[in-house]
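Understanding the architecture of this molecule
Letter by letter, the chains look like this.
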Amino acid sequence: MDMSKLENLGAFVDEIDADGPPTAEAQQAQAAEAVGEESARQWGSIVFMVGNAAAMIAPELRAIYTEEACLNWGRAMNPVAEKYGWNGPSSVPELGLLIATAGLAVPSFFAVKARLASLPAEKEKAGWLGSLRDWWRARSAARTPAAAGATATGSASDGV
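Small disclaimer: the values here were computed from a predicted structure and weren't measured.

This part covers the overall build of the protein. The helix and strand tally for the protein stands at six helices and zero strands. Overall, the protein shows an N-to-C arrangement of helices and strands of α-α-α-α-α-α. Buried residues in the protein amount to 18% of all 160 residues. Of all intrachain contacts in the protein linking residues separated by at least 6 positions in sequence, the fraction that spans at least 24 positions is 52%. Total accessible area on the protein stands at roughly 11800 Å², and carbon and sulfur atoms take up 63% of it.

Right, let's get into the packing of aromatic side chains. Within this structure, the stated rule accounts for three aromatic pairs. Here Trp-135 and Trp-136 contribute two aromatic rings whose centre-to-centre distance is 5.8 Å and whose plane-to-plane angle is 55°, an arrangement assigned as tilted. In this structure Trp-135 comes out as partly exposed when scored by relative accessible area, which is 48%.

What follows is about helix H3 (residues 67-84). With 18 residues, H3 should reach 26 Å at 1.5 Å per residue; the first-to-last C-alpha distance of 25 Å fits that figure. Residue Met-77 marks the point of greatest curvature in H3, where the axis turns by about 30°; the proline Pro-79 follows within four residues. Turning to H3, its buried residues are Cys-70, Leu-71, Gly-74, Met-77, Asn-78 and Ala-81. Turning to H3, the residues buried within the fold contact helix H2 (24-57). In the segment just after H3, Gly-85 is the residue with positive phi, at about 75°.

What follows is about the layout of surface pockets. Considering only enclosed or pocket space, the largest pocket measures out at about 230 Å³ in volume. If you go around the largest pocket, the residues you meet are Phe-109, Val-112, Lys-113, Leu-116, Ala-117, Leu-132, Arg-133, Trp-136 and Arg-137. Counting residues per element, the ones that place at least two in the lining of the largest pocket are helix H4 (93-117) and helix H5 (123-143). Per-element tally for the lining of the largest pocket: the top contributor is H4, with five residues. Considered class by class, the residues forming the lining of the largest pocket number six nonpolar, no polar and three charged.

Throughout the structure, instances matching the rule amount to four salt bridges. Note that Arg-75 and Glu-68 form a salt bridge whose closest N and O atoms lie 3.9 Å from each other. You can call Arg-75 partly exposed: its relative accessible area is 35%. One connected set of salt bridges, linked through shared partners, spans Glu-37, Arg-41, Glu-68 and Arg-75.

Parameters at a glance
Residues numbered from 1 in each chain as written. Predicted model: local features only at pLDDT ≥ 70, side-chain atom pairs only at ≥ 80, totals over all residues. Heavy atoms only, no water. Helix = DSSP H or I, 4+ residues; strand = E, 2+ residues; numbered from the N terminus. Buried < 20%, exposed > 50% of the residue type's maximum accessible area, 1.4 Å probe, protein only. Contact = heavy atoms within 4.5 Å. Areas by Shrake-Rupley, 256 points an atom, 1.4 Å probe, with all protein chains shown as cover. Phe/Tyr/Trp six-rings, centres within 6.5 Å; stacked < 30°, edge-to-face > 60°. Expected span 1.5 Å × (residues − 1). Bend = angle between axes of the 7 residues up to and from the residue. 1 Å grid on protein atoms, 1.4 Å probe; cavity = no way out; pocket = protein on both sides within 12 Å on 5 of 7 lines; lining within 4 Å. Points joined across faces, edges and corners; volume = space filled by probe spheres on them. Nonpolar A, V, L, I, M, F, W, Y, C, P; charged D, E, K, R; others polar. Salt bridge = Lys/Arg side-chain N within 4 Å of Asp/Glu carboxyl O.

See below:
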């Protein structure tokens, strides 16, 4: 029997085994990697939403909070979350609600603020929105310490 033929067959078998289906250990490693990547995406999505909310105030932040940068942050966060037993952002749905609400509230606040600032000073021309603006300004002025001192002593010019 020629042993060289068997040795050649062994190399052929090794090559086929390498190209064949993954072993159970390899499958487990691939599954763990997929779970880790999904968790990293979840963590990164939270930071991405925070960045988008911050970019409503400072638009230059959009260049910093990119999807790739946030995913990289999520990949770095994932081992820390595993270390402390945090189940991921999906275990805190309130955080997603808070960020989504900020995504609506922040632009609404700035739009209303700009609209109120653009109203004419005369009440009859400003309409009900101008009346609301004037009420808010009077309410805010009443909260200031100078206004509180004037109310307590009768006049702001008393020096108290």
